[in-house]
Amino acid sequence: MVSILIASLVAVAGLWYSSVQTQQANDQNRQANDQARQERALTKEGQITDRFNAAVSNLGDEADEVRLGGIFALRRIMEDSPRDQPAVVDVLSGYVRTRAPAAGGGTKRDAGGRPAPDVRAAFETLAQRNPVHDKSARVDLRDTHLRYIGVRPGPAGAEETSANGQRLERANLSGADLANAHLPRARLSGTHLVGTRLEGADLRRADLRGTDLRGAQLLGADLKGADLRGAWLRIEGNTGGKVKSDSDTETPASEQAARISADQLLETQWDHTTLLPSGLRDDPRIRKRLSRMHTDTR
């Protein structure tokens, strides 16, 4: 009986010791794995930093192909490391502002009047990014010369961006020259377009909800199906909504109404939240629609 008890105790002790050894081995393996992961993360972070610095350096090169390579490298960094997207957005926004200033008409342009290839590539990279990773960064292209700008269609099956829905929500495009730009279905909700030139621009089915369009030049733009709900086409509280004339160069764009026709407006989506200039509110067709909206809200 005693021998059986001793044997049982020995067996239990053996099992306990084996369990302890296994637990220690597992702990050591976990620690080793954690350390390896940390080392890989640090290595990757270092590689991203090196790639970022090299790409930014390329943006200042005199050769067009080197600058383009820098832009494509920054695009790849955004895809590989979403945490670095805010820095890329800031860098490329500054690059476009520097290379295509509105005051100087931008850099060299192609035969079709479009901005230089590097500016188009930078704009395309910004327009096709996923804004979810922007954090506090914001696409800032104010006072730029981007006439005839457009974005090539993405690959088949890709999320609709590019020429079918550029992601420019909350961007600052005030004072930019986007005349004849190709922006169908562009996502521009909450974007600042104060004093922006958009004559002849393709804005079919664009999302312009909550967009600030005070002083924007929209005559001749294709706005079929565009969503203007909540958009500012004049100063809030100023029903007069002064429209800029050729001789009016002193009034800031932010104090002027957007230049848009009643025919254009009637092709868009708008409601009682859209701030309309008085010149449009006086149009019989607009008054009729406003009256119908008022009746529907009762």
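Residues numbered from 1 in each chain as written. Predicted model: local features only at pLDDT ≥ 70, side-chain atom pairs only at ≥ 80, totals over all residues. Heavy atoms only, no water.

Visitor: Sorry if this is basic, but what is going on with the overall build of the protein chain here?
Guide: When helices and strands are counted, the protein chain shows seven helices and zero strands. N-terminal to C-terminal, the α/β element order of the protein chain is α-α-α-α-α-α-α. Burial status across the protein chain gives 39% buried among its 298 residues. Within the protein chain, counting contacts between residues at least 6 apart in sequence, those at least 24 apart form 49% of the total. (Helix = DSSP H or I, 4+ residues; strand = E, 2+ residues; numbered from the N terminus. Buried < 20%, exposed > 50% of the residue type's maximum accessible area, 1.4 Å probe, protein only. Contact = heavy atoms within 4.5 Å.)

Visitor: Would you mind going over the side chain of aspartate 227 with me for this structure?
Guide: Tracing the chain through its elements places aspartate 227 in the loop between helix 4 (117–127) and helix 5 (262–265). Taking the relative accessible area as the measure of exposure, aspartate 227 reaches 7% and is therefore buried. When near neighbours in sequence (up to four residues on either side) are disregarded, aspartate 227 contacts Ala206, Asp207, Leu208, Arg209 and Gln269.

Visitor: Just to check I follow, could you spell out helix 2 (residues 64–80) for this structure?
Guide: Residues three or four positions apart in an α-helix share a direction because the helix packs 3.6 residues into each turn. Spanning 17 residues, helix 2 covers 25 Å between terminal C-alpha atoms, matching the ideal 24 Å at 1.5 Å per step. All of the buried residues in helix 2 are Arg67, Gly70, Ile71, Leu74, Ile77 and Met78. Down the axis of helix 2, the buried side of the element spans an arc of 115°, and every buried residue falls inside it. Those residues of helix 2 that are exposed and aimed more than 90 degrees away from the buried face are Glu65 and Glu79. (Expected span 1.5 Å × (residues − 1). Arc of directions from axis to C-beta.)

Visitor: Looking at this model, I keep getting lost on the side chain of serine 174. Mind explaining?
Guide: Along the chain, the position of serine 174 falls in the loop between helix 4 and helix 5. In this structure serine 174 touches Arg142, Asp143, His192, Leu193, Val194 and Thr196, once residues within four positions along its chain are discounted.

Visitor: Which parts of the structure should I look at to understand the pattern of salt bridges?
Guide: Where charged atoms from two side chains of opposite charge approach closely, those side chains can pair. Scanning the model with the defined rule gives 21 salt bridges in all. Note that arginine 67 is salt-bridged to aspartate 64, the shortest N-O span being 2.4 Å. Remark: aspartate 64 and arginine 67 occur in helix 2; sequence separation between them is three residues, near one turn of the helix. Judged by relative accessible area, arginine 67 falls into the buried class, the value being 5%. Assessed through its relative accessible area of 29%, aspartate 64 is described here as partly exposed. The partner of aspartate 212 in a salt bridge is arginine 214, with the nearest N and O atoms 2.6 Å apart. Looking at aspartate 212, the relative accessible area reads 7%, which means it is buried. What makes arginine 214 buried here is its relative accessible area of 16%. The network of salt bridges with shared partners includes Asp64, Arg67, Arg99 and Asp118. (Salt bridge = Lys/Arg side-chain N within 4 Å of Asp/Glu carboxyl O.)

Visitor: I would appreciate a short explanation of the packing of helix 2 against helix 3 (residues 85–99) in the present structure.
Guide: A pair of packed helices can be characterised by two numbers: the angle between their axes and the separation between those axes. Helix 3 packs onto helix 2 with a crossing angle of 155° between their chain directions and a minimal axis gap of 9 Å. Accordingly, the angle class assigned to the pair helix 2 and helix 3 is roughly antiparallel. Considering the relative orientation of helix 2 and helix 3, their crossing is left-handed. Residues Arg67, Ile71, Leu74, Ile77 and Met78 of helix 2 touch helix 3, and the partners they reach there are Gln85, Val88, Val91, Leu92, Tyr95 and Arg99. Of the residues belonging to the contact of helix 2 with helix 3, the class tally is eight nonpolar, one polar and two charged. (Axes fitted to C-alpha atoms, helices over the stretch in contact; angles between N-to-C directions. Parallel < 35°, antiparallel > 145°, perpendicular 65-115°, else oblique. Left-handed = near helix turned anticlockwise from the far one by under 90°. Nonpolar A, V, L, I, M, F, W, Y, C, P; charged D, E, K, R; others polar.)

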